[in-house]
Amino acid sequence: MSATEGFNEVFGDLLKEIKGFLAAEEGRALYELALTQSSLGPCLEIGGYCGLSTVYLGLGVRENRGVLFSIDHHQGSEEHQPGEEYHDPDLLDPRTGVFNSFPEFQKTIRRAGLEDTVAPIVAGSSLAARQWTTPLALVFIDGGHSYEAVLNDYRAWAPQLMPGGVLAVHDLFPDPAQGGQAPYTIYRMALASGLFEELKIVETLGILKRL
Ligand code: MG
């Protein structure tokens, strides 16, 4: 049984139960990227939310006994706040009434057996990046979806990639009728910089390699 078949068999049911916004094909692509890239160095995602992408990436990273840093302030992006399109009332802290996805994230990581693989960083992306110096083999950008947020994430983390490192960006919608344009704008900006070559696009997941 290959590692890929293995994760479907073992984790298929778990993956279906994790809250999140990631198609199975996109998750599979993240898993395969993590499997390759984590042999070269640490992997990092921005926007862990409830841990769906974290599990796909983490299962690949675990094969190499690597490490996946998962950055999220866990206070929710604009679209997760009460009254907004992607708000989930289950993620409000019952004591404070404030959005907090970290307990759900921790539950997911425990259930997937990834506690020795995933290092959560509960902080904003800019703060986490401020004194970061370790070259990264993979950066997955799936944090806030405003233009400012995606641009900040790109500026903070793309320079941390090692040569041969992979930059993956989620929620690319070439057709504005299908979704917000910020990730797609930044993705095209990265390509136009000449610093990256495009490996492939899987549904709304764009994958670039640092030259
Ligand atoms: Mg996304």
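Our subject is the structure listed above.
As the structure is a prediction and not an experimental result, all values here were calculated from the model.

Calculation notes
- Residues numbered from 1 in each chain as written.
- Predicted model: local features only at pLDDT ≥ 70, side-chain atom pairs only at ≥ 80, totals over all residues.
- Heavy atoms only, no water.
- Core = buried A, V, L, I, M, F, W, Y, C linked by side-chain atoms within 4.5 Å.
- Buried < 20%, exposed > 50% of the residue type's maximum accessible area, 1.4 Å probe, protein only.
- Helix = DSSP H or I, 4+ residues; strand = E, 2+ residues; numbered from the N terminus.
- Contact = heavy atoms within 4.5 Å.
- Donors = N, O, S within 2.8 Å, 3.2 Å for Na, K, Ca; no water.
- Pairing = 2+ DSSP bridges.
- Axes fitted to C-alpha atoms, helices over the stretch in contact; angles between N-to-C directions.

**Focus: the nonpolar core**
With 31 residues, the main nonpolar core has Leu30 and Ile207 as its most contacted residues. Secondary-structure elements contributing two or more residues to this core are α1 (3-17), α2 (24-37), α3 (52-63), α4 (102-111), β4 (136-141), β5 (161-169) and β7 (205-210). The biggest single contributor to this core is α3, with 6 residues. Once residues lying within four places of it in the same chain are set aside, the contact partners of Leu30 are Leu22, Ser53, Tyr56, Leu57, Phe140, Ala168 and Leu205. Counting 27 residues, the second-largest nonpolar core is a separate cluster that includes Ile46, Trp132, Val150 and Leu161.

**As for the coordination of the magnesium ion**
Ideal values differ by geometry: the angle at a metal is 109.5 degrees with four tetrahedral donors, but 90 or 180 degrees with six octahedral donors. Those donors, Asp142 (OD), His170 (ND1) and Asp171 (OD), are the protein atoms that reach the magnesium ion, and they lie 2.1 to 2.3 Å from it. The sequence motif formed by the donor residues of the magnesium ion is D-x27-H-D. Like His170, the residue Asp171 is buried in the burial classification.

**What about the sheet that holds β4?**
Ordered in space as β3-β2-β1-β4-β5-β7-β6, the 7 strands form an open sheet in which the pairing is mixed. Looking at strand neighbours, the two that pair on one side only are β3 (118-121) and β6 (196-202), the edges of this open sheet. In this sheet, adjacent strand axes meet at a mean angle of 20 degrees when their direction is disregarded. Where strand β2 (residues 68-71) lies against β3, 4 bridges are found, and the strand directions are parallel. Among the inter-strand pairings, Leu68 is bridged to a residue of β3, identified as Val118.

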